[in-house]
Amino acid sequence: MTIELGGSDDACAPLDPAAALFHSLSDPTRLGLVKRMAQGEVRVGELAAELGLAQSTVSAHVACLRDCGLVEGRAQGRSVYYSLSRPELMDMLAQAEVLLAATGNAVSLCPNYGTGSTGSELTNVELTKENTR
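Residues numbered from 1 in each chain as written. Predicted model: local features only at pLDDT ≥ 70, side-chain atom pairs only at ≥ 80, totals over all residues. Heavy atoms only, no water.

A. Broad picture of the pairing of strand 2 (residues 79-84). Here strand 1 (residues 71-76) runs beside strand 2; their pairing, made up of 6 bridges, is antiparallel. Bridge pairing links Arg 74 to Tyr 81 in strand 2. (Pairing = 2+ DSSP bridges. Helix = DSSP H or I, 4+ residues; strand = E, 2+ residues; numbered from the N terminus.)

B. Spatial organisation of the nonpolar core. Grouped together as the largest cluster of nonpolar side chains are 17 residues, with contacts concentrated most on Met 37 and Val 62. At the level of secondary structure, the elements contributing two or more residues to this core comprise helix 2 (28-37), helix 3 (44-51), helix 4 (55-67), strand 2 and helix 5 (88-102). Those residues in contact with Met 37 that lie beyond four places of it in its chain are Val 42, Leu 47, Val 62, Val 71, Tyr 82, Ser 83 and Leu 84. (Core = buried A, V, L, I, M, F, W, Y, C linked by side-chain atoms within 4.5 Å. Buried < 20%, exposed > 50% of the residue type's maximum accessible area, 1.4 Å probe, protein only. Contact = heavy atoms within 4.5 Å.)

C. Region of the structure containing the packing of helix 2 against helix 4. Orientation of helix 2 relative to helix 4, taken along the N-to-C sense of each, is 75 degrees, at an axis distance of 10 Å. Between helix 2 and helix 4, the angle is such that the two are roughly perpendicular. Counted together, Thr 29, Arg 30, Leu 33, Val 34 and Met 37 of helix 2 and Val 58, His 61, Val 62, Cys 64 and Leu 65 of helix 4 form the full contact between these two elements. Across the contact of helix 2 with helix 4, the residue classes tally to 7 nonpolar, 2 polar and 1 charged. (Axes fitted to C-alpha atoms, helices over the stretch in contact; angles between N-to-C directions. Parallel < 35°, antiparallel > 145°, perpendicular 65-115°, else oblique. Nonpolar A, V, L, I, M, F, W, Y, C, P; charged D, E, K, R; others polar.)

D. The arrangement of the layout of surface pockets in detail. Considering only enclosed or pocket space, the largest pocket measures out at about 1,000 Å³ in volume. Lining the largest pocket we find 23 residues, and of these Leu 25, Ser 26, Leu 31, Ala 96 and Leu 100 sit closest to its centre. Of all the secondary-structure elements, those providing two or more residues to the lining of the largest pocket are helix 1 (16-24), helix 2 and helix 5. Broken down by element, the lining of the largest pocket gets its largest block of residues, 8 residues, from helix 5. Along the lines of polarity and charge, the residues of the lining of the largest pocket split into 14 nonpolar, 6 polar and 3 charged. (1 Å grid on protein atoms, 1.4 Å probe; cavity = no way out; pocket = protein on both sides within 12 Å on 5 of 7 lines; lining within 4 Å. Points joined across faces, edges and corners; volume = space filled by probe spheres on them.)

Laid out in structure tokens, this is it:
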């Protein structure tokens, strides 16, 4: 996928697929599932046990990843084994880790999406920490 900027009446339209991709990975549970699937095929029941989540929760997250084309299932008898459909996903996540390291994880202070965010403004303590960097 090539992300192109500028030129059209709706400058954000070419970014919609990229935004959808990042949104599909925006949940910590889904990232955990992706990380586990990078190790090999796994059934939903095994994922639920490993992550300590309800099987229905894991199924919903796996369905999201499958609908986005990031995960595929292989039926064997009554079981379905899930794995990553695109190894490039792990390359992208590795680059995200490089970016996070380069920014000092500053994104965790984001008032909208950062760790513990409630959508409110940064607290004075967080602002002080950020300003000292």
